[in-house]
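Descriptive structure summary
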Amino acid sequence: MAAMAPSELERYLHEHIPLSRAMAVEVVSADPDGVLLRAPLAPNINHRDTVFGGSASALSILAAWSLLHQRLWAEGLESRLVIQRNTTEYEQPIAGAFLARSALLEPQQWPQFTRMLARKGKARIAVASVLSGEDGVPAGRLVGEFVALDAGQAA
């Protein structure tokens, strides 16, 4: 499974999800096992000079969504991908640039997910994202459930 080049994924995010451009999101790496996104503090700062919780949540969701998007793209599966639900736990504030690293919650479910999408036109899968500062120390975690719909169906 060939992943999108990080520059290609970043361009896609900035063109199709304008919030990613406003947050100055960078794709650090993208492969079938995970996507690592980075954002600077300046456009994502809160009143305490740390990362705004909404920005941290958005970066985590973007990392998780990007992992699924690039995996589906690599397999030639056109779909509409949406988040259905998520939970985020914030463990500590981040006072600088921040990262979100995504991974499938249960990688062994990927084949079943793609089969269900191909057969039924709809499938669900869970993805996790770990938030950290540039020091790599975990500062939070998101678990999200995403739904992929056949490209012809409405979201």
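Quick note: structure is the one above.
Let me sum up the structure you'll find in this document. (Residues numbered from 1 in each chain as written. Predicted model: local features only at pLDDT ≥ 70, side-chain atom pairs only at ≥ 80, totals over all residues. Heavy atoms only, no water.)

What about the overall build of the protein chain?
When its secondary structure is counted, the protein chain shows four helices and six strands. Sequence-ordered secondary structure for the protein chain, helices as α and strands as β, is α-α-β-β-α-β-β-α-β-β. Based on the C-alpha atoms only, the size of the protein chain along its principal axes is roughly 50 × 25 × 25 Å. For the protein chain, the share of sequence-separated contacts (at least 6 apart) that also reach a separation of at least 24 residues comes to 69%. Split by element, the accessible area of the protein chain, about 7900 Å² in all, is 51% carbon and sulfur. Taking the average place of the 14 positive charges on the side chains of the protein chain and the average place of its 16 negative ones, the gap between the two points comes to 8 Å. (Helix = DSSP H or I, 4+ residues; strand = E, 2+ residues; numbered from the N terminus. Contact = heavy atoms within 4.5 Å. Areas by Shrake-Rupley, 256 points an atom, 1.4 Å probe, with all protein chains shown as cover. Lys, Arg positive; Asp, Glu negative; His and termini not counted. Charge placed at Lys NZ, Arg CZ, Asp CG, Glu CD.)

Re helix H1 (residues 6–16)
Among all positions of H1, only Leu9, Leu13 and His14 are buried. Along H1, the residues classed as buried sweep out an arc of 130° about the axis, all on the same side. Considering only its buried residues, H1 is in contact with helix H2 (18–22), strand E1 (26–31), strand E2 (34–39) and helix H3 (53–74). (Buried < 20%, exposed > 50% of the residue type's maximum accessible area, 1.4 Å probe, protein only. Arc of directions from axis to C-beta.)

Side note on the side chain of Ser55
Position of Ser55 among the secondary structure elements: in helix H3. Among the residues examined, Ser55 registers a relative accessible area of 8% and is labelled buried. A distance of 3.0 Å separates a polar atom in the side chain of Ser55 from a polar atom in the side chain of Asn44. If we skip the residues at most four places from it in the chain, Ser55 touches Met23, Asn44 and Phe98. (Polar contact = N/O pair within 3.5 Å; in protein donor to acceptor, adjacent residues only side chain to side chain.)

Points about the packing of H3 against helix H4 (residues 110–120)
Helix-helix packing is characterised by the crossing angle of the two axes and by the distance between the axes. Interaxial distance between H3 and H4 falls to 12 Å at its minimum, and their mutual angle equals 65°. Taken together, the axes of H3 and H4 lie roughly perpendicular to each other. When the axes of H3 and H4 are compared, the crossing they make is right-handed. For the pair H3 and H4, the contacting residues are Leu68, Arg71 and Leu72 in the first and Trp110, Phe113 and Leu117 in the second. Residue composition of the contact of H3 with H4, grouped by class: five nonpolar, no polar and one charged. (Axes fitted to C-alpha atoms, helices over the stretch in contact; angles between N-to-C directions. Parallel < 35°, antiparallel > 145°, perpendicular 65-115°, else oblique. Left-handed = near helix turned anticlockwise from the far one by under 90°. Nonpolar A, V, L, I, M, F, W, Y, C, P; charged D, E, K, R; others polar.)

With respect to the environment of Gln84
Note that Gln84 resides in strand E3 (residues 79–90). Spatially, the C-alpha atom of Gln84 lies 5.6 Å from that of Glu145, the residues being 61 residues apart in sequence. Sequence-distant contacts of Gln84, that is, excluding residues within four places in its chain, are made with Arg124, Glu145, Phe146 and Val147. Polar contacts involving the side chain of Gln84 include one to the side chain of Arg124, which spans 3.0 Å.

Some words on the sheet that holds E3
Strand order in the open sheet formed by six strands is E1-E2-E4-E5-E6-E3, and the pairing between neighbours is antiparallel. The open sheet is flanked by E1 and E3, the only strands paired with a single partner. For this sheet, the mean angle separating the axes of adjacent strands, direction not counted, is 20°. For E1 and E2, the ladder comprises five bridges, and the chain directions are antiparallel. Bridge assignment links Asp31 to a residue of E2, and that residue is Gly34. Packed on one face of the sheet, H1 meets E1 and E2 and runs near 125° to E1. Packed onto the sheet, H4 meets E3, strand E4 (98–104), strand E5 (122–133) and strand E6 (138–150) and runs at close to 140° relative to E5. (Pairing = 2+ DSSP bridges.)

Read these as spatial facts, not as claims about activity.
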